[in-house]
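# Descriptive structure summary
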2 protein chains.
Amino acid sequence: MAVDVGGTHLRIAMVDSGGTILAQSKERVGAEREPRKFFADLAASIRKRAGARLSELAGIGLGLPGICDQKKGIVHQLPHYPEWQDIPAAAWMREEFVCPILLDNDANMAAAGEHWMGAARGLKNFWMLTLGTGIGGGLFLNGELWRGESGFAGEVGHMTVVVNGRLCPCGKRGCWEMYAASHAASTAASGGATIEEWARAADKGDKAAQKFWREYGSYLGEGIANLALITDVEHYILGGGISNAASHFLKEALTSIRKKVYTKLAERMVVHPSTLKENSNLLGCALSVFKL
Amino acid sequence: MAVDVGGTHLRIAMVDSGGTILAQSKERVGAEREPRKFFADLAASIRKRAGARLSELAGIGLGLPGICDQKKGIVHQLPHYPEWQDIPAAAWMREEFVCPILLDNDANMAAAGEHWMGAARGLKNFWMLTLGTGIGGGLFLNGELWRGESGFAGEVGHMTVVVNGRLCPCGKRGCWEMYAASHAASTAASGGATIEEWARAADKGDKAAQKFWREYGSYLGEGIANLALITDVEHYILGGGISNAASHFLKEALTSIRKKVYTKLAERMVVHPSTLKENSNLLGCALSVFKL
């Protein structure tokens with residue numbers, strides 16, 4: 001059973017060991033975010049979805065949008081759930097189920113999913129970037145996820161690209177995700193339009209919207225160029241809801257990358273949208289179970 | 001024989017397999033930068049330093065300030081020697097010597113040297129940052145240098161920290177090394193003072209100089225925070241000439257890091273000057289030979 005915990009929605013899917021999604025559901029996350037209650041509700045939802053097949057479950061994998069300790073099964077911080085601090089989520093879930101419980105940052109899960117069944121199949125090294133409310137990063141090096149020394153690697157959304165720039169909800173200034181995630185729409189020039197509205201307007205040929213996306217692409221490229229200069233990884237896979245608007249910003253992102261990266265590296269770089277789309281996270285969650 | 005090719009100086013040292021520097025010399029790099037002639041002169045210098053012990057040499061290791069293909073022994077680009085492009089330096093040196101010839105980026109060599117004999121002994125993961133004319137980066141992951149897919153990893157000096165910021169000699173804007181390497185002294189506020197002059201003035205208690213170094217430290221910290229968020233590596237070793245002024249900027253750098261990095265990660269981070277100082281690169285060059 002794969003569980004994609006988002007900022008506003010929760011998706012639960014039953015996935016077989018061949019990577020086929022047998023059934024899935026999507027529900028709004030209610031106002032109830034008290035963590036103990038949240039996981040009790042989640043356990044009830046999983047039971048309901050599993051039905052008679054509960055005893056067949058090989059395990060439950062959870063992808064969460066924040067800082068997780070994958071080894072200990074602890075959720076340290078979730079920006080969308082500020083009241084959560086060091087939640088022993090895996091231990092709580094183990095009180096409800098006999099099968100193994102695994103959890104990890106959603107961008108790591110998405111990277112693993114793309115490596116298993118998507119655009120990163122066969123790649124030894126790549127960056128998975130999830131473009132949504134923020135920017136998540138999952139990094140594969142030598143065929144494996146690089147989680148870093150404390151499990152925090154890939155927190156690329158809070159890399160500074162403009163010292164003393166726009167104020168991020170995290171309290172710092174100039175974070176990449178203020179320019180290249182849905183926060184990009186939170187400027188005065190956006191006049192209250194959301195990133196989804198900018199996408200729809202650009203689809204209809206709106207000039208202001210196309211300009212918005214060119215600027216978005218330029219900032220996206222600046223950050224990807226930084227990742228390339230630092231890690232020298234050649235493949236970048238774009239996931240998350242905003243990647244659906246790639247036709248409006250990808251060209252500008254590539255131009256921006258070519259301006260910032262050594263020609264020899266830029267020539268080898270490949271940046272493209274995820275092939276699994278919103279399912280990469282779910283498939284990574286499933287894989288975390290089947291890999292045990 | 002270890003050769004540290006700098007922007008203005010060349011250092012040649014004979015090092016034994018225990019990491020002891022037996023003899024070393026430093027000479028100015030002359031106006032002669034035509035690459036074929038440069039390496040012919042270098043070969044003559046090495047012969048002269050080796051003297052009667054030439055036949056005992058286990059090999060020659062070269063650390064160069066730029067983009068190198070360590071496997072092929074090619075120097076792709078050196079910012080200080082703009083006329084050099086894709087120089088087959090190892091092959092040229094092999095025409096002069098029978099022993100193995102190895103070359104790599106100087107920050108990678110310095111990282112290997114610190115790992116062998118210096119501040120990074122026993123560390124599996126760390127960043128070596130060389131603070132000089134630019135900022136070089138050498139990254140150890142899982143006990144080995146991570147060179148990236150094309151050998152370009154660690155080009156941290158050209159990471160953008162201020163989109164549309166100061167113009168870098170590389171042609172791009174807002175590169176980290178415009179704020180946290182000797183270029184930091186090239187602003188109007190610096191009034192023509194060099195970074196060495198700022199260091200001497202701060203040593204004497206000059207208030208303006210102390211302010212200069214606090215700003216320097218703040219920018220240094222912004223970039224280190226980015227590296228920590230992206231790679232989740234805990235140890236940062238500062239080498240290069242500017243690291244000698246660490247007492248003037250390290251505190252501010254740490255403050256800046258703590259502002260930008262998750263508390264749990266910041267608490268584990270260690271940032272300190274190299275213990276081998278200017279010899280880390282030479283020792284890395286020597287190690288590249290002894291590791292064969």
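Quick caveat, the model's predicted, so the values are computed rather than measured. (Residues numbered from 1 in each chain as written. Chains lettered and ligands numbered in written order. Predicted model: local features only at pLDDT ≥ 70, side-chain atom pairs only at ≥ 80, totals over all residues. Heavy atoms only, no water.)

To continue, consider the packing of aromatic side chains. Under the definition given, this model contains 30 aromatic pairs over all chains. Taken together, a centroid distance of 5.7 Å and an interplanar angle of 75° make the contact between F38 of chain A and Y81 of chain A edge-to-face. Residue F38 of chain A is located in helix α1 (residues 35–50), and its partner Y81 of chain A is located in the loop between β6 (74–77) and β7 (85–87); the two are separated by 43 residues in the primary sequence. Accessibility expressed as a relative area gives 6% for F38 of chain A, which makes it buried. The class for Y81 of chain A is buried, based on a relative accessible area of 0%. Relative to W213 of chain A, the ring of F212 of chain A has its centre 5.2 Å away and its plane inclined at 90°; by these criteria the two rings are edge-to-face. Summarising the burial analysis for this pair, F212 of chain A and W213 of chain A share the class buried. Linked through ring pairs, F38, F39, Y81, W84 and W92 of chain A together constitute an aromatic cluster. Just above the ring of Y262 of chain B sits the side chain of K172 of chain A; from NZ or CZ to the centre is 5.3 Å. (Phe/Tyr/Trp six-rings, centres within 6.5 Å; stacked < 30°, edge-to-face > 60°. Helix = DSSP H or I, 4+ residues; strand = E, 2+ residues; numbered from the N terminus. Buried < 20%, exposed > 50% of the residue type's maximum accessible area, 1.4 Å probe, protein only. Lys NZ or Arg CZ within 6 Å of the ring centre and 35° of its normal.)

This next bit is on the pairing of strand β2 (residues 9–15) of chain A. Residue and element names in this part refer to chain A. Of all 7 residues making up β2, 6 are buried, and the element is well covered by its neighbours. Looking at chain direction, strand β1 (residues 2–5) and β2 are connected through 4 bridges and run antiparallel. Looking at the pairing, D4 lines up with R11 of β2. Here β1 folds back onto β2, and the loop between the two strands holds 3 residues. In terms of strand pairing, β2 meets strand β3 (residues 21–28) through 7 bridges, oriented antiparallel. Within β3, the position partnered with I12 by the bridge is S25. Hairpin connection from β2 to β3: 5 residues lie between these consecutive antiparallel strands, with G19 at a positive phi of about 90°. (Pairing = 2+ DSSP bridges.)

This part takes up the interface of chain A and chain B. Counting residues at the interface gives 46 residues for chain A and 46 residues for chain B. When the buried surface of chain A facing chain B is broken down by residue, E149, I230 and Y262 of chain A rank first, second and third, together holding 19% of it. Inspection of the chain A/chain B interface yields 2 salt bridges. Salt-bridge contacts for K264 of chain B lead to D86 of chain A; the nearest nitrogen and oxygen are separated by 3.6 Å. Seen at the junction of chain A and chain B, the total is 36 residue pairs in polar contact (both at pLDDT 80 or more). Tallying contributions element by element places helix α6 (residues 207–231) of chain A first for the side of chain A that touches chain B, with 7 residues. Each residue belonging to the side of chain A that touches chain B can be placed in one class, and the counts come to 20 nonpolar, 13 polar and 13 charged. (Contact = heavy atoms within 4.5 Å. Buried area = accessible area lost by both parts, 1.4 Å probe. Salt bridge = Lys/Arg side-chain N within 4 Å of Asp/Glu carboxyl O. Polar contact = N/O pair within 3.5 Å; in protein donor to acceptor, adjacent residues only side chain to side chain. Nonpolar A, V, L, I, M, F, W, Y, C, P; charged D, E, K, R; others polar.)

Turning to the nonpolar core, a few remarks are in order. Grouped together as the largest cluster of nonpolar side chains are 114 residues, with contacts concentrated most on W176 and W213 of chain A together with W176 and W213 of chain B. Residues in contact with W176 of chain B, not counting those within four places in the same chain, are L129, I135, V156, G157, M159, V161, Y219, L220, G223, I224 and L227 of chain B. (Core = buried A, V, L, I, M, F, W, Y, C linked by side-chain atoms within 4.5 Å.)

Further remarks concern the side chain of T160 of chain A. With respect to the helices and strands, the residue T160 of chain A is situated in the loop between β11 (144–145) and α4 (177–180). Overall, T160 of chain A belongs to the buried group, its relative accessible area being 0%. Apart from residues lying up to four places away in sequence, T160 of chain A is in contact with R173 and G174 of chain A together with T160, V161, E222, N226 and K260 of chain B.

Within a beta sheet, neighbouring strands are joined by backbone hydrogen bonds and run either parallel or antiparallel to one another. Residue and element names in this part refer to chain A. Pairing within the open sheet is mixed, and its 5 strands lie in the order β11-β10-β9-β12-β13. The open sheet terminates on both sides in strands that have one partner only, identified here as β11 and β13 (270–273). Running at roughly 165° to β13, helix α7 (residues 246–260) makes contact with β9 (126–131), β12 (235–239) and β13 of the sheet. (Axes fitted to C-alpha atoms, helices over the stretch in contact; angles between N-to-C directions.)

A word on the sheet that holds β7 of chain A. All names here are of chain A. With antiparallel pairing, 3 strands are arranged side by side in an open sheet as β5-β6-β7. The open sheet has two edge strands with one neighbour each: β5 (67–69) and β7. Neighbour-to-neighbour, the strand axes of the sheet open up by a mean angle of 20°, direction not taken into account. Sheet topology places β5 next to β6; 3 bridges connect them, and they run antiparallel. By the bridge assignment for β6, C68 is matched with V75.

Residues and elements named next belong to chain A. Even without being a glycine, D86 presents a positive backbone phi close to 50°. Relative to the assigned elements, D86 resides in strand β7. Within the chain, N164 stands out as a residue other than glycine whose phi angle is a positive 60°. Following the sequence through the fold, N164 ends up in the loop between β11 and α4. With a relative accessible area of 62%, N164 lands in the exposed category.

In short, the description is geometric, and any link to function would need to be established separately.
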